[in-house]
Every structure is written in C-alpha cells, then in structure tokens.
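Single-letter residue listing:
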Amino acid sequence: MFGVRPVVVDPTSGEMLASRVTGCTGLPANYTQFTHEARVRPNQGDVLTVEEFVTKVSNIAAADGAEKVEIEGLGSVEYVFDDVISAWKPDVTDDNTAANDDGAQGELTVMYRMLHYFDPVSNDVDAVNSYTLTKAMCGTEDGDISVLDWSHVSAISFAEEEGFYLISMRNIDTVAAIDATTGDLKWALSSHSAVSDDFSWDSEDDKFYNVHSAYIVEQTDYEDDAGTANVDGKLRLLLFDGGNNRPGCHLNYTGCFSRAIEYTLDTDAGTVETTWQFAYPYGSSAGQRAERQSDTFVEDGGSVVLFANDANDEKLYYAGFTSTAKAGWGAHAFIFIVDGHGSVHTEISVRQHYWNAVAAGLYRTLPSKSLTGEGEDFPFTTSHPSSLPDAQ
C-alpha cells in the first residue's frame, strides 16, 4: 500500500525523472507515509523530506513503559507518528523506470527523528483544533490502528550562516533549530511553555499557532529594521501563523485569523520581539482584537518570504494565504506582495473550485524571477552584445 511520493520532474518536458515511493505490508504498525516537505538542498544534490512512522507510546523513553498517553479531546492514545527528516538523493535515470513504483528510488538517509527532541508524554500540549487521528493500515486483512499526528512537521529550512536546520512543527506551535553538524537541539521557540521556555514573549498576542514555512532571513542586503545584521545572537525569523490553536479560535472558524509575521530573536537574552506582521484585509493591524473576526483564515498551509527591495530600497514580502476556509474568503486563495508598512502592492486571487472537489491544492507559494529561464534585464539596451556585423 503506497502513500504520497516525492518526485523529480523535468521543467521543460514535464517528464518524471525520479521518484521515491513509501509503503508497507503486513501489520498496520508498519504503515509509513511522506508528508508536507520536499525541499532541495542545492549544494548537496538531494531533497529534504518528512516521512511519518508509527511508534508505540510505550517505546517513548519518557513514557516509562506506559502503554498510552492522554490527549485532550482525543482520550487515550496508543500510537503516535514519529516525523522523520531524511535526505533523499534521487537516482535520475533515462531508462523510463522512474514512472514505475519499483523504479528509480534513489538513496534515503535518515537525519533526525523528531520524537527524540519532543514527545506527547514530556510535552503536554493542548491543541484540540489541530490533532488528528489517522487510520493506518497495510491492507485489509490485518485491520487498522488509530495513530496520533502529534508534532506534524510542516516545513524544513536551512540557515546556512548559522549552521542549523529550522523545523516547523504545526500541531504543537513550535519551531526548533537543530545543529546541522551535531544533531543537537540549539533552541526552540514555542507558544507553549510545556515545549520550550528558551524565549520570553512580550505579549500573548505575539505568539504564533499552527506554524508553516518558518525560516531565518540571512540576506544582508534586505532592509533590516531591527538591526540584526552582523549582530551576534540576533536572528530574523519569518513564518506563517495559521491560527488554528489561537485562543478564541473555534472549530467552526469563528474567532480565527491567519497572518504572516516576522520576529527578532535574541538568543543571548532569550527574548522575542514582533517586528512586522500582515493579515488580510487589515494589513499592519494584524492581530488587533477588534478586527480578528473578519480577517482571512487559512486552515492548513500558508507561506511568507522576504524576497526583494522595491525602487525605494524598502523591503517587500510575498505572502500566500492558501486554502482559505472562512465564509467570505473560502472561494479563493490569495497571494500578496506587501511592503514593510503592511500596504499591499500586488494581489492575486486563485479560485478554488477544482481542489475543493479533490481535497488538494495550494499549500505554499514561492516567488520566481523567471518562468522558463528569462533574464532580469531589459533586452534592448546597448549593454547587450550584438550578433550583427559592424556597420560599414
């Protein structure tokens, strides 16, 4: 039985060059699936992936042999997914085997098992709006089991200058930095003290919930209001705050809103400060209680990147409010180019009719300076060499 697969596709022909298939046979505890991330590491020639493996609660060290753990809203749980981060090195071939389930699998190297760092026994998080149970099975003959999707890794990014991977854990409202060399946990920023108290929050309203697409901004040429560039211990953290677990957000989506948000982390002082945020349609007023009821809410997904400076050398953000779920906004996904003041420069809306029918669609959005290799420069300038012979 096979689940989701990461694939490598030729951008010109659309041909699938390589794929990695996961599956299981026998008992349902053998179930596994890829989920949520397939991020290329350009200097490594491989792809970061997340694969979920079934783990018995009794195998978690902190459980001390206990068979089950109590989860708010779900009761006693015996099985939990361990989100395993791996590097997949595709076997890109030209023998047409990539299209087959048993074709060009490539090499998969396990890097981190997230239950090694956080687990539902040690870190008791009330996230009833996010936790789900998956019916895991490897065929009809051996039945199925219910498995808790606990941490739910939603994204992985690499902070090259800092030398760590940043892991977004959606269901427990946490981002964690793991040392790329040692595998040690460097720090974690969480909206729950039961997970981490490495940083102190200025305000409850600053906290994020159901995080997606977290990464450290390292480009020194982008405007930096907080002055983090070249300052030891200070980092710029950008992420999408989905809001499912936010206090006041209900299962029928009332009181829920999502936002793009940037923080300054002081890893020496252990403080976190909000430096920019954007919700739609209220822009820089994101998070103000008076406006929450009507701001756009993304049930699952969303992304934001700092991607350019405008003509005045001021920063611009690219924010994707994907898979919107609130009445009034639910017919579209929205992509915005927003400046540092929360003003919208460009808005794109994408109708959702197709993926509502098939339960798939936009998850995150990324800007690109080229679709098919076009250059950035205006082609009709004297600085471009000419193939014409010199005029006589």
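Everything discussed here concerns the structure shown above.
First things first, this report covers the structure right here in the doc. (Residues numbered from 1 in each chain as written. Predicted model: local features only at pLDDT ≥ 70, side-chain atom pairs only at ≥ 80, totals over all residues. Heavy atoms only, no water.)

**Thoughts on the overall build of the chain**
Thinking step 1. When helices and strands are counted, the chain shows one helix and 23 strands.
Thinking step 2. Classification of the 392 residues of the chain by burial places 48% in the buried group.
Thinking step 3. The long-range fraction of contacts in the chain, counting pairs at least 24 apart against all pairs at least 6 apart in sequence, stands at 56%.
Thinking step 4. Roughly 19,200 Å² of accessible area belongs to the chain as shown, and the carbon and sulfur atoms make up 48% of that amount. (Helix = DSSP H or I, 4+ residues; strand = E, 2+ residues; numbered from the N terminus. Buried < 20%, exposed > 50% of the residue type's maximum accessible area, 1.4 Å probe, protein only. Contact = heavy atoms within 4.5 Å. Areas by Shrake-Rupley, 256 points an atom, 1.4 Å probe, with all protein chains shown as cover.)

**Some details on the packing of aromatic side chains**
Thinking step 1. With the rule as written, the count across this model stands at 17 aromatic pairs.
Thinking step 2. Here the aromatic rings of Phe164 and Trp187 are separated by 5.7 Å at their centres, their planes lie at 80 degrees, and the arrangement is edge-to-face. With Phe164 in strand E12 (residues 164–169) and Trp187 in strand E14 (residues 185–190), this residue pair connects regions lying 23 residues apart in the sequence. The residues Phe164 and Trp187 share a single accessibility class, namely buried.
Thinking step 3. Centre to centre, the rings of Tyr280 and Phe336 are 4.5 Å apart; their planes meet at 35 degrees, and the pair counts as tilted. With Tyr280 in the loop between strand E19 (271–278) and strand E20 (303–309) and Phe336 in strand E22 (residues 332–339), this pair connects stretches of sequence that are 56 residues apart. The pair formed by Tyr280 and Phe336 is uniform in burial state, with each residue classed as buried.
Thinking step 4. Among the aromatic residues, ring-to-ring pairing joins Phe240, Phe278, Tyr280, Phe321, Phe334 and Phe336 into one connected group. (Phe/Tyr/Trp six-rings, centres within 6.5 Å; stacked < 30°, edge-to-face > 60°.)

**Let's talk about the nonpolar core**
Thinking step 1. Counting 30 residues, the largest nonpolar core has Met114, Phe118, Tyr131, Ile156, Ile167 and Met169 as its most contacted members.
Thinking step 2. Of all the secondary structure elements, the ones that give two or more residues to this core are strand E4 (46–56), strand E5 (69–71), strand E7 (79–89), strand E11 (153–159), E12 and strand E13 (174–179).
Thinking step 3. Residues in contact with Phe118, not counting those within four places in the same chain, are Asn123, Trp150, Met169, Ala176, Leu185, Ala188 and Val195.
Thinking step 4. With 22 residues, the next largest nonpolar core counts Phe278, Leu306, Tyr317 and Phe334 among its residues. (Core = buried A, V, L, I, M, F, W, Y, C linked by side-chain atoms within 4.5 Å.)

**Considerations on the environment of Asn129**
Thinking step 1. Mapping Asn129 onto the fold places it in the loop between strand E8 (107–113) and strand E9 (132–136).
Thinking step 2. Distance in space between the C-alpha atoms of Asn129 and Cys249 is 8.4 Å, their sequence separation being 120 residues.
Thinking step 3. Not counting chain neighbours up to four residues away, the residues in contact with Asn129 comprise Asn244, Asn245, Cys249, His250 and Leu251.
Thinking step 4. A distance of 2.7 Å separates a polar side-chain atom of Asn129 from the backbone oxygen of Asn244. (Polar contact = N/O pair within 3.5 Å; in protein donor to acceptor, adjacent residues only side chain to side chain.)

**What to know about the pairing of strand E18 (residues 259–266)**
Thinking step 1. With eight of eight residues buried, E18 lies mostly within the body of the structure.
Thinking step 2. With burial as the criterion, each face of E18 is covered, one bearing Arg259, Ile261, Tyr263 and Leu265 and the other bearing Ala260, Glu262, Thr264 and Asp266.
Thinking step 3. Bridge count between E18 and E19: seven bridges; the pairing is antiparallel. When the sheet's bridge partners are listed, Glu262 is paired in E19 with Trp276.
Thinking step 4. Two successive antiparallel strands, E18 and E19, enclose a turn made up of four residues, where Gly270 displays a positive phi of approximately 70 degrees. (Pairing = 2+ DSSP bridges.)

Taken by themselves, the reported measurements are silent on function.
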